[in-house]
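# Structural overview for review
This is what each chain is made of:
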Amino acid sequence: MDLFVRIHPSDNVAVALSVIPANTTVTIDSITLTTREEIPAGHKVALTDLPEGAQVIKYGYSIGYTKTSVPAGSHIHVHNIHTGLSGTLEYTWNPVKTELEPRQPATFPGFPRRSGRVGIRNELWIIPTVGCVNDIARTLERKAQKFVGGSVDSILAFSHPYGCSQMTEDQENTRHILADLCMHPNAGGVLLLGLGCENSGIDIIKQYLDENACERIRYLVCQQVEDEMEAGLSLIQELAEEMQTDQRVPCPASKLVVGLKCGGSDGFSGITANPVIGGFSDILISQGGSTILTEVPEMFGAETILMNRCASEAVFEKTVHLINDFKKYFEDHHQTIYENPSPGNKAGGISTLEDKALGCTQKSGSATVTDVLKYAERVQTPGLNLLSAPGNDLVASTALAAAGAQMVLFSTGRGTPFASPVPTVKIASNPRIAAWKHNWIDFSAGRLLEGGHSLPELSQELFDLVLSVAGGQKVCSEEHGFHDLAIFKTGVTL
């Protein structure tokens, strides 16, 4: 087994595949060196002597500059490299087109909706309009479990702290996200639960709904009934009985919309899990399906790769706004734009935002970018979509679900138990975390490090798993009963 991997022929660093002791002599692509110190797994070693201010190249792109001179064999990390990013930039569109390999059409058993979309679950969702009724929603969820069975996969309440005491953009975000979830194809029925005195009450949310896109929806304002538990259970029973008529039927893979997200990354994420997801994305898009890439701050440093893959100059301009508007968001809040990798990312070997971004964008594969979505907008154009949302795992995954993703693929090098409003498939970047947290992890892309598996093979295997999950196979977080909702907050709370 190799000790290091050099990702691109022009890289002047390589990544350790395991902990490499100091004074270990290795040959990497005809370059022989001796490690000057221990190199942790997933971390980088200098392949050549680098003077102070030299570009550090990984993935074939710069991930920053050396703070001091760095001899060959040295550990390259936050102590001796800094970001090369600063400020907003001017961009030029240099189109790059990629033809995807045609594939044999695939199908999965799903629930066709009158909106023309397809659900991969037939769930009954209880959606509070305001945090004040969260406990009522959770109690209704608990008491309504007797209605689960047959064609009703589950009954879930999605609590959140918003819906009142919000202003301008925050209030709009809440209204749009709640409306998007009411219209989600995985929801065969929805109980929209309000209090009666909130800013974003039921009458307001209705203005954001296309009720023809809601499969079934009932409304309950708690202040307008004597016993909200009795009234709520009655409406839930009514919905559940109607949902029993829903049946899975063969549906084309072109009806799938899959969100792409990563978190708790390590130095292997951009080598294993994210490229495997990228290969999956190309397979699905070749079948007419759609994927959504988000977490905009983690595109900084790799955004030109996405921009040059835009389908048109209009999509390119939308991508420029996507990037620069998020930078302005940071500046408006007096925050550093480019200090993004989390402590866990750094512990795993990611040194700069460019390092994180170049690995993160591997999830997009090679397909053309067909559209760019604002936060809380829904997918309209098949293919690869970019979505405005932050890097926070729960906020971004909720945004993917609200945009229409029936499922989220989530790559991780450290593991996480969280879920989102839709099935959230955890994909491990290394074999250790796949084995250690097997109760969290659904798929191990770390097998690429062990040999015997090629990237195309694992991408096809992941595609097959997605079809199985779309057809009803539960992921780990579903087996545990986990489901989460988080809405993007940007401003003042009254």
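So, here is what we can say about the structure in this document. Bear in mind that the values here come from a model prediction, so they are computed numbers and not experimental data.

The parallel open sheet is built from seven strands, whose spatial order is S19-S20-S18-S17-S21-S22-S23. At either margin of the open sheet sits one strand with a lone partner, and together these are strand S19 (369–373) and strand S23 (443–444). Here four bridges tie S19 to strand S20 (residues 383–387), and the two strands are oriented parallel to one another. Each bridged residue has a counterpart across the sheet, and for Leu-373 the counterpart in S20 is Leu-387. Relative to the sheet, helix H10 (residues 393–402) contacts strand S17 (257–262), strand S18 (290–293), S20 and strand S21 (407–412), its axis offset from that of S17 by approximately 170°.

Right, let's talk about the environment of Leu-462 for a bit. Among the structural elements, Leu-462 can be located in helix H12 (residues 455–470). Along the chain, Leu-462 and Asp-282 lie 180 residues apart, while their C-alpha atoms are 12 Å from each other. Excluding its chain neighbours within four sequence positions, the residues that come into contact with Leu-462 are Val-276, Ile-277, Phe-280, Leu-409, Ile-427 and Phe-443.

Here we take up the nonpolar core. Among the nonpolar cores identified, the biggest contains 98 residues, and Phe-300, Leu-409, Ile-427 and Leu-462 are the most heavily contacted of them. With eight residues, H12 is the largest single contributor of residues to this core. Grouped together as the second largest cluster of nonpolar side chains are 24 residues, Val-130, Ile-136, Leu-220 and Ile-236 included.

Turning our eyes to something else, we now look at the packing of helix H5 (residues 273–286) against H12. At their nearest, the axes of H5 and H12 sit 8 Å apart, and the two run at 65° to each other. Helix-helix and strand crossings are classified by hand; for H5 and H12 the assignment is right-handed. Contacts between H5 and H12 pair Pro-275, Val-276, Ile-277, Gly-279, Phe-280, Ile-283 and Leu-284 from the former with Leu-455, Leu-458, Ser-459, Gln-460, Leu-462, Phe-463 and Val-466 from the latter.

Okay, the packing of helix H1 (residues 134–143) against helix H4 (residues 228–243) next. At a minimum axis distance of 10 Å, the contact between H1 and H4 shows a crossing angle of 50°. Between H1 and H4, the interaxial angle falls into the category oblique. In this structure, H1 meets H4 at a crossing whose hand is right-handed. Here H1 contributes Ile-136, Thr-139, Leu-140 and Lys-143 to the contact with H4, which in turn contributes Glu-228, Met-229, Gly-232, Leu-233 and Ile-236. For the contact of H1 with H4, a count of residues per class yields five nonpolar, two polar and two charged.

Moving on, we come to the pattern of salt bridges. One pass over the structure, following the stated rule, counts 21 salt bridges. Residue Asp-246 pairs with Arg-216 through a salt bridge whose shortest N-O separation is 2.8 Å. Taken together, the residues span a long stretch of sequence, with Asp-246 in the loop between H4 and strand S16 (249–252) and Arg-216 in the loop between helix H3 (202–206) and strand S15 (217–221) at a distance of 30 residues. When the shortest N-O distance is used, the salt bridge between Lys-261 and Glu-295 registers 2.9 Å. Highlighted residues: Lys-261 in strand S17 and Glu-295 in the loop between S18 and helix H6 (303–307), separated in sequence by 34 residues. We note that Lys-261, like Glu-295, is buried. Through salt bridges with shared partners, a single ionic network connects Arg-113, Arg-216, Arg-218, Glu-238, Glu-242 and Asp-246.

Each value, and the rule that gives it
- Residues numbered from 1 in each chain as written.
- Predicted model: local features only at pLDDT ≥ 70, side-chain atom pairs only at ≥ 80, totals over all residues.
- Heavy atoms only, no water.
- Pairing = 2+ DSSP bridges.
- Helix = DSSP H or I, 4+ residues; strand = E, 2+ residues; numbered from the N terminus.
- Contact = heavy atoms within 4.5 Å.
- Axes fitted to C-alpha atoms, helices over the stretch in contact; angles between N-to-C directions.
- Core = buried A, V, L, I, M, F, W, Y, C linked by side-chain atoms within 4.5 Å.
- Buried < 20%, exposed > 50% of the residue type's maximum accessible area, 1.4 Å probe, protein only.
- Left-handed = near helix turned anticlockwise from the far one by under 90°.
- Parallel < 35°, antiparallel > 145°, perpendicular 65-115°, else oblique.
- Nonpolar A, V, L, I, M, F, W, Y, C, P; charged D, E, K, R; others polar.
- Salt bridge = Lys/Arg side-chain N within 4 Å of Asp/Glu carboxyl O.

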